[in-house]
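Take a look at the letters that make up each chain.
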Amino acid sequence: MSTTQAPEVHGRQPDDTGAFGWLRALGPRGRRAFGGAFGGYALDSYDYFTLPLSMVAISAYFSLDNGQTGLLTTVTLVVSAIGGALAGILADRIGRVKALMITVITYAVFTVLCGFAPNYETLLVFRALQGLGFGGEWAVGAILVAEYASAKHRGRTLGAVQSAWAAGWALAVVVYTLVFHFLDPDTAWRVMFWTGALPALLVVYVRRNVSDAPHAEELRRTSAERGSFTAVFRKDLLRVTLFATLLSTGVQGGYYTLATWVPTYLKTERGLTVVGTGGYLAFLISGAFIGYLTGGYLTDRIGRKNNIALFAALSAAGILAYTSIPSGANGLLLVLGFPLGFCMSAIFSGFGSYLSELYPAAVRGTGQSFTYNSGRAVGAFLPTLVGFLSDSWGVGGALVLGAAGYGLAALALVGLPETRGKELM
């Protein structure tokens, strides 16, 4: 049985060097899993960005200060650590596909409920609960695809999954531009959240077409060990868990600082309209999409650690350059959006493969979800800090804190091994 399935698990054409060799190498089942993970992450991104894009309208509607507005993002990311860790345990106990469906349903339901919030406190609660599903989807989907991918192509394959974030972000910007153009802001922000029901369609596809990688599923089922919080802190995994969490904290602290506050920065300090903001974000998102794909390629060529270190340095430099552009030079702001989006996304491309390769099959879901989402939770305090400091520093001035996050990520690499070319066991 395992002899006939092995080619599909490890890749049908591992020596295929064509542009889409990584996709062909997945085999039919792997490509369906890729489609489910890509769609789940794109819609996860879409549901996440309904808040940052609507923040100015929400802030005006509920009369919020910048600190309260930033807290909406922070509570989402903090709770996502809990959701992510729980989803990881579920993935190790009941399988990757079942856990994936649970996470997608959770973030979709609570995103829609945000649109019905009568006050700030209710919105805060719904947004926090949305984080339960938001936190687990990426890690579960990434593991599902990683266990189908060959060692040779794993970086590119997971980089392509990661690019779904830019696709979802772009869709959110398009919908935002249309909704806020035709509707009053007090209604438009609610409609944005209601469109978060879209992921329900994906669950139908996943349920009917996607299954766990047979070889990895067999290892998971037959292992005496089961996913648990204590398992990733055992002696032989403790160092990996601590440094991987630190790495995730730095990268996500920098990223979410920008993702949360750039739309507000463009509207309040650069004086752009809704349509103008969408145009500037288009450059940022285009750079992000290409960055994910490029970073996936480079992580297979130069290694996981080198890829992260390279783009941590470039992302920090990009933030400093972007926020130092003088008033009136909005043309330069437009141009720099592309390389900024490119660099801050390329650094993520290696995460799916790298974190999967750091843990054995029995605790892979727990390890990847815990480190990624714990880092996200701690890094989430940077957007709130930016919100509070922006009252005195300005949003642009406070955004430079994101550069510090990338410095922390580079430091964390010292305690982690290189895993390029590693077969998943």
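Residues numbered from 1 in each chain as written. Predicted model: local features only at pLDDT ≥ 70, side-chain atom pairs only at ≥ 80, totals over all residues. Heavy atoms only, no water.

## Describing the overall build of the protein chain
From N to C terminus, the protein chain includes 20 helices and 0 strands. Counting only residues that meet the buried cut, the protein chain has 62% of its 425 residues in that class. In the protein chain, the proportion of contacts linking residues at least 24 apart, taken out of those at least 6 apart, comes to 84%. Of the accessible surface of the protein chain, which amounts to about 15,000 Å², a share of 68% is contributed by carbon and sulfur atoms. (Helix = DSSP H or I, 4+ residues; strand = E, 2+ residues; numbered from the N terminus. Buried < 20%, exposed > 50% of the residue type's maximum accessible area, 1.4 Å probe, protein only. Contact = heavy atoms within 4.5 Å. Areas by Shrake-Rupley, 256 points an atom, 1.4 Å probe, with all protein chains shown as cover.)

## A look at the nonpolar core
With 116 residues, the main nonpolar core has I58, W165, W169, L247, Y255 and F351 as its most contacted residues. For this core, the leading source of residues is helix 3 (residues 27-62), giving 15 residues. In contact with F351, other than residues within four places in its own chain, are W138, L247, S248, V251, I308, S356 and Y372. (Core = buried A, V, L, I, M, F, W, Y, C linked by side-chain atoms within 4.5 Å.)

## Notes on the layout of surface pockets
Here the second largest pocket is characterised by a volume of approximately 160 Å³. The element best represented in the lining of the second largest pocket is helix 5 (residues 96-114), accounting for 4 residues. Of the residues in the lining of the second largest pocket, the class split is 5 nonpolar, 2 polar and 7 charged. (1 Å grid on protein atoms, 1.4 Å probe; cavity = no way out; pocket = protein on both sides within 12 Å on 5 of 7 lines; lining within 4 Å. Points joined across faces, edges and corners; volume = space filled by probe spheres on them. Nonpolar A, V, L, I, M, F, W, Y, C, P; charged D, E, K, R; others polar.)

## Quick look at the packing of helix 14 (residues 304-322) against helix 20 (residues 401-412)
It is at 8 Å that the axes of helix 14 and helix 20 come closest, and there the two elements cross at 170°. The orientation of helix 14 relative to helix 20 falls into the category roughly antiparallel. Here A312, S315, A316, I319 and L320 of helix 14 lie close against helix 20, whose contacting residues are G402, A403 and Y406. Taken together, the residues that form the contact of helix 14 with helix 20 break down as 6 nonpolar, 2 polar and no charged. (Axes fitted to C-alpha atoms, helices over the stretch in contact; angles between N-to-C directions. Parallel < 35°, antiparallel > 145°, perpendicular 65-115°, else oblique.)

## Section: helix 20
Helical geometry note: an α-helix holds 3.6 residues per turn, so side chains three or four residues apart project in the same direction. In a regular helix each residue adds 1.5 Å, so 12 residues correspond to 16 Å; helix 20 covers 18 Å between its end C-alpha atoms and thus fits that length. Within helix 20, the full set of buried residues consists of L401, G402, A403, G405, Y406, A409 and A412. (Expected span 1.5 Å × (residues − 1).)

## A word on the pattern of salt bridges
Between side chains of opposite charge, a pair can form as their charged atoms come close. Enumeration over the complete set of coordinates arrives at 8 salt bridges. For the salt bridge of D92 with R96, the shortest nitrogen-to-oxygen distance reads 2.8 Å. For R156, the salt bridge goes to D300, with nearest N and O atoms at 3.0 Å. Of the two residues, R156 is situated in helix 7 (residues 154-162) and D300 in helix 13 (residues 274-301); the sequence distance between them amounts to 144 residues. The exposure class of D300 is buried, given its relative accessible area of 11%. A single network of salt bridges, built from pairs that share partners, joins R154, R156, D300, R304 and E357. (Salt bridge = Lys/Arg side-chain N within 4 Å of Asp/Glu carboxyl O.)

## Describing the side chain of Q130
Relative to the helices and strands, Q130 is located in helix 6 (residues 120-146). Dropping the residues within four chain positions of it, Q130 is found in contact with D47, Y48, T76, Y107, F110 and T111.

## Here's the deal with the confidence of the model for the protein chain
For the protein chain, the average pLDDT comes to 83, and 85% of its residues sit at 70 or higher. Per-element averaging of pLDDT across the protein chain places helix 1 (residues 2-10) at the bottom with 40 and helix 9 (residues 185-194) at the top with 96. Across residues 1-14 the pLDDT falls below 50, and counting only partners more than four positions away or on other chains, this stretch makes 30 contacts in the model. (pLDDT = per-residue confidence, 0-100.)

## Quick word on the packing of aromatic side chains
Evaluated as defined, the whole model comprises 21 aromatic pairs. Residues Y48 and W165 carry aromatic rings whose centres are separated by 5.8 Å and whose planes lie at 35° to one another, so their mutual orientation is tilted. Pair noted here: Y48 is in helix 3 and W165 is in helix 8 (residues 164-182), with a separation of 117 residues, a long-range link. With relative accessibility at 1%, the residue W165 sits in the buried group. With 4.6 Å between their ring centres and 0° between their planes, F49 and W169 make a pair best called stacked. Placement of F49 in helix 3 and of W169 in helix 8 is noted, with a sequence separation of 120 residues between them. Residue class for W169 comes out buried when judged on its relative accessible area of 3%. Here the aromatic residues Y41, Y48, F49, F134, W165, W169, Y255, F348, F351 and Y372 are joined through ring pairs into a cluster of three or more. (Phe/Tyr/Trp six-rings, centres within 6.5 Å; stacked < 30°, edge-to-face > 60°.)

## Structural notes on the environment of R207
For R207, the location among the structural elements is in helix 10 (residues 199-209). Spatially, the C-alpha atoms of R207 and V97 are 7.9 Å apart, while their sequence positions differ by 110 residues.

## Digging into empty space enclosed by the protein
Applying the stated criterion across every chain, the model contains 2 cavities of 30 Å³ or more. The volume enclosed by the second largest cavity comes to roughly 40 Å³. In terms of lining, the second largest cavity is formed by Y41, Q162, W165, Y255, Y256, Y292, F348 and Y372. For the lining of the second largest cavity, the per-class residue count stands at 7 nonpolar, 1 polar and no charged.

## A short note on the side chain of T299
Its place among the elements puts T299 in helix 13. Once you skip the residues sitting within four places of it in the chain, T299 turns out to touch G155, R304, N307, G350, S353 and R420.

## Quick word on unusual backbone geometry
For S63, which is not glycine, the phi torsion reads 55° and is therefore positive. Within the element layout of this structure, S63 appears in the loop between helix 3 and helix 4 (66-94).

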